[in-house]
Amino acid sequence: MRIARFSIDGNVAFGAVEGESPPGSTDGLVLDIIKGIPFADFELSGTKVPLSKVRLLPPVLPNKVVAFGRNYAEHAKEMGGEVPDAPFAFFKPSTSVIGSGDDIAYPSFTEELHHEAELAVVIGRMCREVPRERVKDVILGYTCANDVTARDVQRREKQWARAKGFDSSCPLGPWVETDLDPSDLTIQCTVNGRQRQLGRTSEMIHSIEDLIVNITEAMTLLPGDVILTGTPAGVGPLSDGDEVAVTIEGIGTLTNKVVKRG
Ligand code: MG
């Protein structure tokens with residue numbers, strides 16, 4: 001099931017996305033409004049609205065986004081670094097999250113904004129110290145993410161709070177796909193329709209199981225928390241006015257425009 005979060009007439013709701021649409025379009029898609037929330041038992045109301053009539057919101061409001069770095073060998077190479085033996089994580093704050101269709105605000109303190117297409121894992125239940133064989137039980141589903149990065153600031157500053165944590169640096173969406181085998185999916189990033197990144201999730205160095213075992217050794221994950229699993233090679237610059245799109249096989253396309261103010 002594809003679960004979207006959206007606003008309609010000033011109200012926020014979750015809905016199951018039904019129907020098929022051509023790539024990059026929402027024509028023909030309908031939302032069946034969910035009674036309750038997707039993190040507990042819920043029912044479909046049967047009340048349906050065309051997706052084109054609503055504003056999509058980030059599919060979840062995470063308490064925290066835990067992002068893993070250098071999890072694709074080719075990307076680690078292009079960053080001039082070695083492949084880490086163990087996974088390493090950093091945070092993106094809840095205030096960095098935006099939905100599909102929202103603008104990425106180009107920060108004033110960088111001159112080198114980069115896209116990073118990533119598969120995002122959405123946590124479905126409170127969990128800690130999750131054993132490998134139970135990882136699938138704590139996952140609600142998967143969505144597309146862009147780990148937008150101020151690359152010059154990342155190089156300059158030891159901690160990445162500013163470089164990767166500024167407002168609008170974590171586009172998520174367009175929705176959460178709950179029925180998906182994430183082990184070998186095409187992941188792609190385009191800028192203004194031109195391909196920049198293309199990889200497969202099977203190229204991850206540390207698997208989703210490894211990443212969730214690793215982070216839950218240290219901390220409790222809450223329903224709606226998001227894990228970013230690293231980006232394939234091909235990261236590159238974004239400019240004012242660019243349209244950046246992350247497409248993952250079996251999920252859909254997350255699209256955002258870059259806007260420089262002032
Ligand atoms: Mg990243």
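As recorded in an unreviewed UniProt entry, the protein goes by the name Fumarylacetoacetate hydrolase family protein, listed as coming from Streptomyces tauricus.

Asker: I'd like to hear about the coordination of the magnesium ion, residue by residue, with values.
Answerer: Around the magnesium ion, the protein supplies Glu116 (OE), Glu118 (OE) and Asp147 (OD) as donor atoms, at distances of 2.0 to 2.1 Å. Sequence spacing of the donor residues for the magnesium ion, all on one chain, is E-x1-E-x28-D. Placement of the pair is Glu116 in the loop between β10 (113–115) and β11 (117–123) and Asp147 in the loop between β12 (139–146) and β13 (149–150), with a sequence separation of 31 residues. Of the two residues, Glu116 and Asp147, neither departs from the other in class, the shared state being buried.

Asker: Explain helix α4 (residues 208–216) to me, using residue names and the numbers behind them.
Answerer: Residues that lie three or four places apart on an α-helix share one face, since the helix turns once every 3.6 residues. Of all the residues in α4, the buried ones are Ile208, Leu211, Ile212, Ile215 and Thr216. Angularly, the buried residues of α4 cover 115° about the axis, an arc narrow enough to put them on a single face. Looking at the buried residues of α4, the elements they touch are β6 (65–68), β7 (89–92), β11, β12 and β17 (226–228).

Asker: Describe in detail the sheet that holds β13, supporting the description with residues and values.
Answerer: One open sheet accounts for three strands, arranged β13-β10-β18; its pairing is antiparallel. This sheet does not close on itself; its edge strands, each paired only once, are β13 and β18 (236–238).

Asker: How would you summarise the pairing of strand β1 (residues 2–8) if you had to cite specific residues and measurements?
Answerer: It is a general feature of regular strands that their side chains alternate between the two faces of the sheet. Among the seven residues of β1, five are classified as buried, and the element is accordingly described as predominantly covered. Count of turn residues in the β1/strand β2 (residues 11–18) antiparallel hairpin: two residues, of which Asp9 carries a positive phi of about 50°. Relative to strand β5 (residues 55–57), β1 is paired through three bridges, and the arrangement is antiparallel. Bridge pairing in β5 places Phe6 opposite Leu56.

Asker: Please give an account of the domain arrangement of the protein that cites residues and values.
Answerer: Examined at the domain level, the protein breaks down into domain 1 (2–55) and domain 2 (65–260). Here the C-alpha centre of domain 2 lies 24 Å away from the C-alpha centre of domain 1. Domain 1 puts nine residues into the contact, and the matching count from domain 2 is 10 residues. Taking both sides of the interface into account, the surface hidden between domain 1 and domain 2 amounts to around 800 Å²; carbon and sulfur atoms contribute 66%. Area buried by domain 1 at its contact with domain 2 is led by Arg2, Ile3 and Phe39, which between them contribute 67% of it. A salt bridge links Asp102 to Arg55, with the nearest nitrogen and oxygen atoms 2.9 Å apart. Linking domain 1 with domain 2 are two residue pairs in polar contact (both at pLDDT 80 or more), by the criterion used here. Grouping the amino acids of the side of domain 1 that touches domain 2 by side-chain chemistry returns seven nonpolar, no polar and two charged.

Asker: Any details on the UniProt feature "domain: Fumarylacetoacetase-like C-terminal" (unreviewed entry) in the protein? Residues and values, ideally.
Answerer: When the UniProt feature table is mapped onto this chain numbering, "domain: Fumarylacetoacetase-like C-terminal" (unreviewed entry) sits at residues 64–259. The annotated region residues 64–259 carries 13% helix and 38% strand content, and the separation between its end C-alpha atoms amounts to 25 Å.

About the cut-offs
Sequence positions are assigned chain by chain, starting from 1 and proceeding in written order. This being a predicted model, a pLDDT of at least 70 is required before a residue's local features are given, and a value of 80 or more before pairs of side-chain atoms are given or counted; all residues contribute to the totals for chains, interfaces and linings. Hydrogen atoms and water are omitted, and side-chain values are computed over all heavy atoms in the structure. Only N, O and S atoms count as donors, using a 2.8 Å cut-off from the metal and 3.2 Å for Na, K and Ca, and because water is excluded some sites may appear unfinished. Put simply, DSSP H or I for four residues or longer makes a helix, DSSP E for two residues or longer makes a strand, and each gets a number counted from the N terminus. Burial here depends on accessible area, computed with a 1.4 Å probe over protein chains only, as a share of the maximum for the residue type. Under 20% is buried, over 50% is exposed, and the range in between is partly exposed. Think of it as the arc spanned by the lines of direction from the helix axis to the C-beta atoms. By definition, residues are in contact when any of their heavy atoms lie within 4.5 Å. Two strands qualify as a pair provided DSSP detects at least 2 bridges between them. Throughout the structure description, domain borders are defined by an automatic or database domain assignment. As used here, buried area is the combined drop in accessible area, with a 1.4 Å probe, of two parts when they are placed together. Salt bridge, as used here: a side-chain nitrogen of Lys or Arg that lies within 4 Å of a carboxyl oxygen of Asp or Glu. We define a polar contact as two N or O atoms separated by no more than 3.5 Å, with the added condition that, inside protein, one atom must be a possible hydrogen donor and the other a possible acceptor, whereas residues neighbouring each other in sequence contribute only through side-chain atom pairs. Note on residue classes: Ala, Val, Leu, Ile, Met, Phe, Trp, Tyr, Cys and Pro are nonpolar, Asp, Glu, Lys and Arg are charged, and everything else, Gly too, is polar. UniProt positions are given in the numbering used here, feature names are shortened, and annotations may be inferred rather than shown by experiment.

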